[in-house]
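# Breakdown of the fold
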Amino acid sequence: MNMPQNKPLLLLIDLQKAIDHPDWGERNNIDAEENIATLLAHWRNNDLPIIHVKHTSVEPNSHYRPHQEGNDFKAVAQPETHEEVIEKHTNSAFINTPLEQILRERNIQDIVIIGVITNNSVEATARMSGNLGFNTTVVSDATFTFGKKDYSGKWHNAQQIHDISLSNMAGEYAQIISTKELLSSID
């Protein structure tokens, strides 16, 4: 597994307190926050580019609405003062945000995505990133999701949803690797 030689950007998606609300149900990747912290520390220690994506929902019942605790960043992903924060209102971090322009202006070609929810904002962002021509990597154990029913009403647990979402992204849109694989490829 070889990461390109230019400086990959770490894109942290929707790592806000809203994701801890019990309404979401059971999740997978219980160690995701530990992996997120490890990756964020590596990027900071090596002066690599970082962008935090903050979901600011316009939906009246969303836990991500502005001016409430759920809209705040989780402690594990709290941006430092010099780190860029982009606000979004949809699932993709590219829709109606300056993300693509920032990446193009800085000549960033390689994006490493971590955060939530695997089958929602992570997948939407990774698909668009790949379609826009960026070398996109999704870190499988630094993302997580929740169980849900499929269109026919059958329940799928969080790991099943996570695995299917990663499969949707793999190859065509993004490279899927673990935290350990990623760190060993860039050291």
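Here the structure is a predicted model, which means the values were calculated and not measured.

This part takes up the nonpolar core. Ranked by size, the top nonpolar core spans 25 residues in total, and within it Leu10, Leu12, Leu39, Trp43 and Ile114 carry the most contacts. Looking at this core, the elements with two or more residues in it are β1 (9-13), α1 (32-45), β4 (110-116), β5 (135-144) and α5 (179-186). It is α1 that provides the largest number of residues to this core, a total of five residues. Beyond its immediate sequence surroundings of up to four residues, Trp43 is in contact with Pro8, Leu9, Leu10, Leu48, Pro49, Ile50, Val112, Leu182 and Ile186. Ranked by size, the runner-up nonpolar core spans 21 residues in total, among them Ile51, Leu99, Leu103 and Val138.

Turning our attention to the packing of aromatic side chains. Counted under the stated rule, the structure contains three aromatic pairs. Between Phe144 and Phe146, the ring centres sit 6.0 Å apart and the planes meet at 75°, which makes this aromatic pair edge-to-face. With respect to class, Phe144 is no different from Phe146; both count as buried. Here the basic side chain of Arg27 rests over the ring of Phe144, its NZ or CZ set 3.5 Å away from the ring centre.

Within strand β2 (residues 50-55), six of the six residues are buried, leaving the element largely enclosed by the surrounding structure. Going residue by residue along β2, you find Ile50, His52 and Lys54 tucked away on one face and Ile51, Val53 and His55 tucked away on the opposite face as well. Pairing geometry for β1 and β2, over four bridges, is parallel. Its bridge partner lying in β2, Leu11 is registered against Ile51. Regarding the hand of the β-α-β motif, the stretch spanning β1, α1 and β2 is right-handed. Here five bridges tie β2 to strand β3 (residues 84-88), and the two strands are oriented parallel to one another. Paired with Ile51 across the two strands is Glu84, which belongs to β3.

Before going further, it helps to spend a moment on the layout of surface pockets. If you add up the space inside the largest pocket, you get close to 320 Å³. Estimates place the volume of the second largest pocket at around 240 Å³. In this structure, the second largest pocket is lined by 14 residues; those nearest its centre are Asp47, Leu48, Pro49, Ile50 and His82. Elements with a minimum of two residues in the lining of the second largest pocket: α1 and β2. Across the lining of the second largest pocket, the residue classes tally to six nonpolar, one polar and seven charged.

A few words on the side chain of Thr179. Take Thr179: it is sitting in helix α5. You can call Thr179 buried: its relative accessible area is 5%. Not counting chain neighbours up to four residues away, the residues in contact with Thr179 comprise Asn35, Thr38, Leu39, Val139, Asp141 and Ala142.

Rules and cut-offs
- Residues numbered from 1 in each chain as written.
- Predicted model: local features only at pLDDT ≥ 70, side-chain atom pairs only at ≥ 80, totals over all residues.
- Heavy atoms only, no water.
- Core = buried A, V, L, I, M, F, W, Y, C linked by side-chain atoms within 4.5 Å.
- Buried < 20%, exposed > 50% of the residue type's maximum accessible area, 1.4 Å probe, protein only.
- Helix = DSSP H or I, 4+ residues; strand = E, 2+ residues; numbered from the N terminus.
- Contact = heavy atoms within 4.5 Å.
- Phe/Tyr/Trp six-rings, centres within 6.5 Å; stacked < 30°, edge-to-face > 60°.
- Lys NZ or Arg CZ within 6 Å of the ring centre and 35° of its normal.
- Pairing = 2+ DSSP bridges.
- Right-handed = clockwise from strand over helix to strand, strands pointing away.
- 1 Å grid on protein atoms, 1.4 Å probe; cavity = no way out; pocket = protein on both sides within 12 Å on 5 of 7 lines; lining within 4 Å.
- Points joined across faces, edges and corners; volume = space filled by probe spheres on them.
- Nonpolar A, V, L, I, M, F, W, Y, C, P; charged D, E, K, R; others polar.

Geometric values such as these leave the question of function open.
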